[in-house]
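For reference, the chains in residue letters:
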Amino acid sequence: MRRLNVANNNKALKVVKEFDAFPKVPDDYKKTTVSGGGLSILTFVIIGLLVISEYQYYSSTELKFDYQVDTQYSGKLQVNVDMTVAMKCDFIGADILDVTGQDTHSFGRLTLDPAYFDLSPKQKKYQSFIQEVNRYLQTEYHAVQELLWKTGGPNFRGGMPPREDKPDREPDSCRVHGSLEVNKVAGNFHITAGKSIPVIPRGHAHLSMMLSDSDYNFSHRIDHLSFGEPIAGVVYPLDGEELVTINNYHMFQYFMKVVPTSVRTYTANVDTYQFAVTERNRSINHHEGSHGVPGIFVKYDLNSLKIQVREEHQPFWQFIVRMCGIVGGIFAVSGMLHDICGFIVDIICCRFKIAEEKNRKNTDLVNSVSPPLNSLVNQFPSHNIENNPLLSTQVQT
């Protein structure tokens, strides 16, 4: 019985052996070459570099974007403002009005503090940095999400630094800052001359009758303007914006499209808002047909679509498949290149060998077909040479 089991096992192993797709070549039949060794070293170096690059790609993350209808229509929208206007605080009013006509004072109040329009050296450095970042984001627009949301991005803490010096003159400007809770509908935030008073049945008006022409100057600097909860490390499109006018009566308009955004990454879990902005400005001159109210107007409208941002790692099985493809592909391609190069070298060398062999054979053939004249003469009988005067003469000569 034991012998029968052993025989069956040997038979089964023999059947399995027939399916071997990786036959082993004896070492006696292997031939190593210098070219093969050099190509092998180059192949291992390339494989190592590609494996390192693939691992770095696997360890990094990528962002996924989904779009859906925003169903949170009953919520509130927070508007964050921090800007400086080149007018005294007693001469301007800042409030917001939406399409519902709700009382502006119900949205909250902004703080107006006397300030200086000119920046200190430290503040100018900060403003230049913010402007450079915004310029980069506008140029490299396709990489904005990589810079803002992806893990490992810059950990920037924004905010205009306090002034390190105090000028020996009265403040010439007004800093308007704070947050307002408004309805999630289109609205208009504006800063214009005169304090606002409510108007029945709805709306409001700004009283500017006591201001002279020289009191108007709506040159302004936007240190921060955003929607939703401010996020540390995010620079918004209007941050660092500064517009200066030489005309007293001037209108600045910003048209914004606000998009709700839900961010779910390994470092952030927030619901915020992104926005695109277009800026227009013109001088007010009623005599030349340019009508309007001088001031700063920020008109915004909300998009009905919501963006969901998710950060994901590459699947592990995809990493294994790509690694196998890299290693196997490089080995296969290097082997094919080695065989092709060897084939070309063999063809070139064989042509030289064939030509050399032909020349050698032709030389041997000539030598065998043209024997020396004396050997030919010796083949004739002596009496024939004597009887033939021609042959006799030639031989004597």
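Use the structure listed above.
What this report covers is the structure whose coordinates are included nearby. Quantities reported herein were computed from a predicted structural model and do not represent experimental measurements.

Moving on to the pattern of salt bridges. Applying the stated criterion across every chain, the model contains 12 salt bridges. Here R169 makes a salt bridge to D118, at a shortest N to O gap of 3.6 Å. One end of the pair, R169, is in the loop between α4 (144–148) and β5 (173–183); the other, D118, is in the loop between β4 (111–115) and α3 (121–139), with 51 residues separating them in the sequence. A relative accessible area of 36% means that R169 is categorised as partly exposed. In this structure, R135 and E132 form a salt bridge, with 2.6 Å as the shortest nitrogen-oxygen distance. Placement of the pair is R135 and E132 together in helix α3, with a separation of 3 residues, close to one helical turn. For R135, a relative accessible area of 44% corresponds to the partly exposed category. Salt bridges linked by common partners bring D66, R310 and E312 together as one network.

The next point concerns helix α2 (residues 34–59). Between its first and last C-alpha atoms α2 spans 38 Å; for 26 residues at 1.5 Å apiece the expected length is 38 Å, and the two agree. Those residues of α2 that fall on the buried side of the exposure criterion are G36, T43, I47 and E54.

Turning our attention to empty space enclosed by the protein. What the rule picks out here adds up to 1 cavity of 30 Å³ or more. Size it by volume and the largest cavity reaches roughly 40 Å³. Forming the walls of the largest cavity are Y126, Q127, I130, M160, I222, D223, D239 and G240. Counting only elements with at least two residues in the lining of the largest cavity, the list comes to α3 and β9 (220–227). Of all the elements, α3 adds the most residues to the lining of the largest cavity, at 3 residues. Tallied by class, the residues present in the lining of the largest cavity amount to 4 nonpolar, 2 polar and 2 charged.

Attention now goes to the side chain of H224. Topologically, H224 is positioned in strand β9. Beyond its immediate stretch of four places on either side in the chain, H224 contacts N80, V81, D82, P230, Y236 and D239.

What follows covers a nonpolar patch on the surface. Where nonpolar side chains cluster on the molecular surface, the patch consists of M336, I340, F343, I344, I347 and I348 and spans about 570 Å² of accessible area. Its location among the elements puts I348 in helix α5 (residues 316–369).

Once that is clear, we can look at the packing of aromatic side chains. Using the criterion set out here, one finds 9 aromatic pairs in the structure. For the pair F44 and F331, a centre-to-centre distance of 5.8 Å together with 75° between the ring planes defines the contact as edge-to-face. With a gap of 287 residues between them, F44 in helix α2 and F331 in helix α5 connect regions that are remote in the sequence. A relative accessible area of 41% means that F331 is categorised as partly exposed. Through a chain of ring-to-ring contacts, three or more aromatic side chains come together here, namely F227, Y236, F275 and Y300. Over the aromatic face of F117 sits the side chain of R221, whose NZ or CZ is 5.3 Å from the ring centroid.

Glancing now at the nonpolar core. F227, Y254, M256 and Y300 are the most contacted members of the largest nonpolar core, which totals 39 residues. When contributions to this core are tallied by element, the ones reaching two or more residues are β2 (76–85), β3 (92–98), β5, β6 (187–193), β9, β11 (250–264), β12 (269–283) and β13 (295–302). At 5 residues, β2 tops the list of elements feeding residues into this core. Within the second largest apolar cluster, 5 residues are counted, among which are Y126, I130, V133 and V235.

Here is what the cut-offs are and how they apply
- Residues numbered from 1 in each chain as written.
- Predicted model: local features only at pLDDT ≥ 70, side-chain atom pairs only at ≥ 80, totals over all residues.
- Heavy atoms only, no water.
- Salt bridge = Lys/Arg side-chain N within 4 Å of Asp/Glu carboxyl O.
- Helix = DSSP H or I, 4+ residues; strand = E, 2+ residues; numbered from the N terminus.
- Buried < 20%, exposed > 50% of the residue type's maximum accessible area, 1.4 Å probe, protein only.
- Expected span 1.5 Å × (residues − 1).
- 1 Å grid on protein atoms, 1.4 Å probe; cavity = no way out; pocket = protein on both sides within 12 Å on 5 of 7 lines; lining within 4 Å.
- Points joined across faces, edges and corners; volume = space filled by probe spheres on them.
- Nonpolar A, V, L, I, M, F, W, Y, C, P; charged D, E, K, R; others polar.
- Contact = heavy atoms within 4.5 Å.
- Patch = residues over 30% accessible without salt bridge, like charges linked within 9 Å, V, L, I, M, F, W, Y side chains within 5 Å.
- Areas by Shrake-Rupley, 256 points an atom, 1.4 Å probe, with all protein chains shown as cover.
- Phe/Tyr/Trp six-rings, centres within 6.5 Å; stacked < 30°, edge-to-face > 60°.
- Lys NZ or Arg CZ within 6 Å of the ring centre and 35° of its normal.
- Core = buried A, V, L, I, M, F, W, Y, C linked by side-chain atoms within 4.5 Å.

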